[in-house]
Every structure is written in structure tokens, then in C-alpha cells.
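Listed here are the chains, written in short residue letters.
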Amino acid sequence: MTPAGRTRWIGIAGSVALIAAIVVASLIPANMQLRTGMGWLTEHFLACFAVTALFCLAWPRPLLVGGALMVFSGALETLQGLTPDRVPDLPTALAGAAGAVCAALLATLVIQARQRLRAKRRA
């Protein structure tokens, strides 16, 4: 296996592990969750922002990643309705989606800035 192929599989395995950890953390009983004290909306925004930023490092298509994680954020919030001690909350899902969008837009700006800088260096 080539180093590029190995790196790709490591990235895929890490992504699957991260998604599994997020799903487990989102669906465990509420009394077992760790809270930062910043509030639900802030925690969801920051968590989705961080996850989207990490995924954008792996895949250089940030708008696609951001859109997928927006849907994932809403789906996780909906799945919380299946747990006996939680209620799905639209503002919380929207806060997570906003975090994903902000990180995707920031990643897009960074990628474009890097491309322009490289083009200037070549010229």
C-alpha cells in the first residue's frame, strides 16, 4: 500500500471514529453527559464548528462537508427524540447547523487565500 493510500484509510477510519463518538455522546442519557456550562446553543455551535473544521482539513470541499454536517446536526437532534430523557430542539439543531456553515465558509476563504498566494508566488 502506498503512503497516500495508507493516509487515506487512516483519515477514513478517524472520520468514522469521530462520527461514532459524536453519535454516542449525543444519545447517551442526559445525566451522563459532560457539560461546559456555556449553554446548549453555544456548545452545539462550537462542537459543529470544530468537527466541520477537522473534516475540512481532510477533504478540501468545505461547502460539501458543511452541508453534510448541517444535515447530520439536524438528524442527531431528531434522533434525540427517540431517547426517553430528551426532547429534540429546533434552535439547538439550528445552532449546530450554523456552526457547520461558519466553519465551511471560513475553510473556503482559507483555501481560496492559499490558492491566490500560491498563484502570486508562481507569477
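Small disclaimer: the values here were computed from a predicted structure and weren't measured. (Residues numbered from 1 in each chain as written. Predicted model: local features only at pLDDT ≥ 70, side-chain atom pairs only at ≥ 80, totals over all residues. Heavy atoms only, no water.)

S.K.: What exactly am I supposed to notice about the side chain of S73 here?
M.R.: With respect to the secondary-structure elements, S73 resides in helix 3 (residues 62-79). Residue S73 is classed as buried on the basis of its relative accessible area of 8%. Beyond its immediate stretch of four places on either side in the chain, S73 contacts C48, A93, G96 and A97. (Helix = DSSP H or I, 4+ residues; strand = E, 2+ residues; numbered from the N terminus. Buried < 20%, exposed > 50% of the residue type's maximum accessible area, 1.4 Å probe, protein only. Contact = heavy atoms within 4.5 Å.)

S.K.: What should I look at first to understand helix 3 in this one?
M.R.: Think of an α-helix as turning once every 3.6 residues; residues three or four places apart then point the same way. Taking 1.5 Å of rise per residue, 18 residues should cover 26 Å, and helix 3 covers 25 Å from first to last C-alpha, within 8% of that figure. All buried positions along helix 3 are accounted for by P62, V65, G66, L69, S73, L76 and E77. All buried residues of helix 3 lie within an arc of 105 degrees about the axis, which places them on one face of the element. More than 90 degrees from the buried face of helix 3, the exposed residues found are L63, L64, V71 and T78. (Expected span 1.5 Å × (residues − 1). Arc of directions from axis to C-beta.)

S.K.: When you look at the packing of helix 2 (residues 40-58) against helix 3 in this model, what are you seeing that I'm missing?
M.R.: Angle between the axes and distance between the axes are the two parameters that describe a pair of packed helices. In the contact formed by helix 2 and helix 3, the axes pass within 10 Å of each other and the chain directions differ by 140 degrees. As helix 2 runs across helix 3, the sense of the crossing is right-handed. Of helix 3, the residues touching helix 2 (which contributes H44, C48, V51, T52, F55 and C56) are P62, V65, G66, L69, S73 and E77. Its residues assigned to classes, the contact of helix 2 with helix 3 shows seven nonpolar, four polar and one charged. (Axes fitted to C-alpha atoms, helices over the stretch in contact; angles between N-to-C directions. Left-handed = near helix turned anticlockwise from the far one by under 90°. Nonpolar A, V, L, I, M, F, W, Y, C, P; charged D, E, K, R; others polar.)

S.K.: How do you make sense of the layout of surface pockets when you look at a structure like this?
M.R.: In this approach the atoms are scanned with a rolling probe the size of a water molecule, which exposes any empty space left behind. When its volume is computed, the largest pocket comes out at roughly 700 Å³. S26, R35, E43, H44 and A47 are, among the 31 residues lining the largest pocket, the residues nearest its centre. If you list the elements that add at least two residues to the lining of the largest pocket, you get helix 1 (3-27), helix 2, helix 3 and helix 4 (90-122). Element by element, the count of residues in the lining of the largest pocket is highest for helix 2, at eight residues. Looking at the lining of the largest pocket, its residues break down into 17 nonpolar, eight polar and six charged. (1 Å grid on protein atoms, 1.4 Å probe; cavity = no way out; pocket = protein on both sides within 12 Å on 5 of 7 lines; lining within 4 Å. Points joined across faces, edges and corners; volume = space filled by probe spheres on them.)

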